[in-house]
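So you can see what is in the structure, the chains are spelled out below.
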Amino acid sequence: MGKLTIGCFSSLVGSVSLDFGVKLAEAAVKKGHEVDFWVSSNATMLSKKGQKAFKDYSHLAKTLTELFATGKFKAVVCEACAEARGYHKDDTMEGWGRRSMDWYLASTFSADRVLLIGGD
Amino acid sequence: MATKKLAFIIRSLPYKTEASRLALTHAIASQTVEIYLEEGDNIEPVVCFIGDGVLNCLKSQQAMKHYGITSLEQHMKNSLLLDLKVMICKEDVDRFGLKEDHLIMDAEDVGGETKAQLVPYSEIQKVMEEVDHLQFF
């Protein structure tokens with residue numbers, strides 16, 4: 001089995017790019033692969049706890065909780081990007097790590113594939 | 001002991017989105033990546049500007065004056081100061097009617113010795129084929 005590193009910059013609400021990233025991670029984990037999931041820029045919104053599900057907006061918190069439970073999925077948010085947007089450590093959903101950008105680069109070192117999903 | 005090459009291909013306009021800034025800040029983060037890796041392992045970033053992305057390389061950016069934020073020029077100079085490989089596509093520079101004099105080609109004013117390279121697209125293509133992982137911004 002392989003390791004996939006996914007970097008996402010797109011916001012949770014406004015496009016479905018982040019949905020695609022999470023769905024891809026889910027598919028990879030179901031196949032037995034490991035996934036490192038890095039969010040920076042507007043994608044840091046994904047790590048915010050207390051998200052409510054509305055039919056008009058993407059809601060990925062439940063999928064993320066399930067992915068964390070597999071033990072094959074690691075998600076880390078860019079701390080500076082989050083802080084700049086007012087998402088502090090206390091606001092972060094359980095399971096997430098908070099690191100600087102070098103964590104993402106380190107993750108690519110051992111990745112079999114790296115996929116970057118750009119932002120807006 | 002190994003070094004993995006990572007290409008940051010910048011196609012986005014400066015300031016319109018955060019993309020080019022993210023490319024540069026992530027590339028610069030390679031300077032501290034070793035804390036997460038085994039001894040002797042490392043990441044080597046290459047930054048390439050193509051298409052609209054070459055406009056990130058224009059001199060005399062005034063982002064701090066007008067927006068109160070660091071300019072892409074400052075990030076580019078920091079990249080050169082840290083000896084990152086920076087390549088700019090010559091054909092795209094020509095397409096905008098720009099000359100080398102219009103571009104940030106060095107970081108001498110902040111003590112940098114490494115220079116950016118103005119190269120034909122074929123050289124950037126070669127880099128894209130050589131690297132371990134390719135990322136488009």
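One can find the structure itself at the top, above this paragraph.
Keep in mind that what you see is a predicted model, and the values were worked out from it rather than measured.

Calculation rules
Residues numbered from 1 in each chain as written. Chains lettered and ligands numbered in written order. Predicted model: local features only at pLDDT ≥ 70, side-chain atom pairs only at ≥ 80, totals over all residues. Heavy atoms only, no water. Helix = DSSP H or I, 4+ residues; strand = E, 2+ residues; numbered from the N terminus. Rg over C-alpha atoms; globule rule 2.2 N^0.38 Å. Buried < 20%, exposed > 50% of the residue type's maximum accessible area, 1.4 Å probe, protein only. Areas by Shrake-Rupley, 256 points an atom, 1.4 Å probe, with all protein chains shown as cover. Lys, Arg positive; Asp, Glu negative; His and termini not counted. Charge placed at Lys NZ, Arg CZ, Asp CG, Glu CD. Patch = residues over 30% accessible without salt bridge, like charges linked within 9 Å, V, L, I, M, F, W, Y side chains within 5 Å. Salt bridge = Lys/Arg side-chain N within 4 Å of Asp/Glu carboxyl O. Core = buried A, V, L, I, M, F, W, Y, C linked by side-chain atoms within 4.5 Å. Phe/Tyr/Trp six-rings, centres within 6.5 Å; stacked < 30°, edge-to-face > 60°. Lys NZ or Arg CZ within 6 Å of the ring centre and 35° of its normal. Contact = heavy atoms within 4.5 Å. Buried area = accessible area lost by both parts, 1.4 Å probe. Polar contact = N/O pair within 3.5 Å; in protein donor to acceptor, adjacent residues only side chain to side chain. Nonpolar A, V, L, I, M, F, W, Y, C, P; charged D, E, K, R; others polar.

**Considering the overall build of chain A**
Counting secondary structure elements, chain A contains 4 helices and 5 strands. Here the C-alpha radius of gyration of chain A, 13 Å, is about what a compact globule of 120 residues would show, namely 14 Å. Taken along the three principal axes of its C-alpha coordinates, chain A extends 35 × 30 × 25 Å. In chain A, buried positions account for 52% of the 120 residues. Working note: accessible area of chain A is about 5,800 Å², and carbon and sulfur atoms make up 52% of it. Taking the average location of the 16 positive side-chain charges in chain A and that of its 14 negative ones, the two points are 4 Å from each other.

**Description of a nonpolar patch on the surface**
All names here are of chain A. A grouping of Val-13, Phe-54 and Tyr-57 is seen on the molecular surface, where their side chains present a nonpolar patch of about 320 Å² in accessible area. Tracing the backbone shows Phe-54 in the loop between β2 (34-39) and α2 (61-70). Since its relative accessible area comes to 52%, Phe-54 is described here as exposed.

**Some words on the nonpolar core**
Among the nonpolar cores identified, the biggest contains 46 residues, and A:Trp38, B:Val47, B:Phe49, B:Met76, B:Ile88 and B:Phe137 are the most heavily contacted of them. The set of elements that each furnish at least two residues to this core consists of β3 (73-78), α4 (102-109) and β5 (113-117) of chain A together with β1 (3-10), α1 (19-28), β2 (42-49), α3 (72-81) and β3 (85-89) of chain B. For this core, the leading source of residues is α1(B), giving 6 residues. Formed by 27 residues, the second largest nonpolar core is a distinct cluster that contains A:Ala25, A:Val29, A:Leu46 and A:Phe68.

**Describing the packing of aromatic side chains**
All chains considered together, the criterion is met by 9 aromatic pairs over all chains. A connected cluster of aromatic rings, assembled from ring pairs, spans A:Phe37, A:Phe68, A:Phe73 and A:Trp96. Here the guanidinium or amino end of B:Lys4 rests over the ring plane of A:Phe109, the centre of that ring lying 4.9 Å away.

**A word on the interface of chain A and chain B**
With 22 residues of chain A at the contact, the number on the chain B side is 24 residues. Both sides together, the interface formed by chain A and chain B hides about 1,800 Å², and carbon and sulfur atoms give 69% of it. Broken down residue by residue, the surface that chain A buries against chain B is led by A:Asp102, A:Leu105 and A:Phe109, which jointly contribute 38%. Across the contact surface, chain A and chain B share 1 salt bridge. Put simply, chain A and chain B have 8 residue pairs in polar contact (both at pLDDT 80 or more) between them. Those elements that place two or more of their residues in the side of chain A that touches chain B are α4 and β5 of chain A. Here the side of chain A that touches chain B takes 7 residues from α4(A), the largest share from any one element. When grouped by side-chain class, the residues that make up the side of chain A that touches chain B number 11 nonpolar, 5 polar and 6 charged.

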